[in-house]
Amino acid sequence: PKNYQEGKSKKGPPGPCNHCGEPDQVNWLKVTTQQGKKGSEIPWIELAPLTEEEEKKKKDAEMAAKRAEIEANVKKAIQERKLV
């Protein structure tokens, strides 16, 4: 976020997001080692929920990619059978 250093020193809110300006989707995340030793704090930006249209586009893209993968596998299998 734009005010990362300022927010870090005050332990205040880290936002807003430098890319979109959203103030509510940015939080501090404390990174520690497995032994629980003191770590550093970094900003963590949450993903905003998708609109219905964005969700549909995402689902359609995933289905198209899966369809293309299946078609490629079928084509490969047919080619392999022709060689035998």
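Above this note sits the structure.
What comes next is a walk through the structure. (Residues numbered from 1 in each chain as written. Predicted model: local features only at pLDDT ≥ 70, side-chain atom pairs only at ≥ 80, totals over all residues. Heavy atoms only, no water.)

**Overview of a nonpolar patch on the surface**
At step 1: Taken together, Ile 70, Val 74 and Ile 78 make up a surface patch of nonpolar side chains, about 250 Å² in accessible area.
At step 2: Here Ile 78 lies in helix H2 (residues 52–83).
At step 3: Ile 78 sits in the partly exposed class, given a relative accessible area of 43%. (Patch = residues over 30% accessible without salt bridge, like charges linked within 9 Å, V, L, I, M, F, W, Y side chains within 5 Å. Areas by Shrake-Rupley, 256 points an atom, 1.4 Å probe, with all protein chains shown as cover. Salt bridge = Lys/Arg side-chain N within 4 Å of Asp/Glu carboxyl O. Helix = DSSP H or I, 4+ residues; strand = E, 2+ residues; numbered from the N terminus. Buried < 20%, exposed > 50% of the residue type's maximum accessible area, 1.4 Å probe, protein only.)

**Brief notes about the pattern of salt bridges**
At step 1: Going through the model one piece at a time under the given rule, you end up with 3 salt bridges.
At step 2: When the shortest N-O distance is used, the salt bridge between Glu 53 and Lys 57 registers 3.4 Å. Placement of both Glu 53 and Lys 57 in helix H2 is noted, with a separation of 4 residues, approximately one turn of the helix. Across the pair, exposure class does not vary: Glu 53 and Lys 57 are exposed alike.
At step 3: Asp 60 is the salt-bridge partner of Lys 56, the closest N and O atoms lying 2.9 Å from each other. Of this pair, Lys 56 and Asp 60 both sit in helix H2, separated by 4 residues, roughly a single helical turn.

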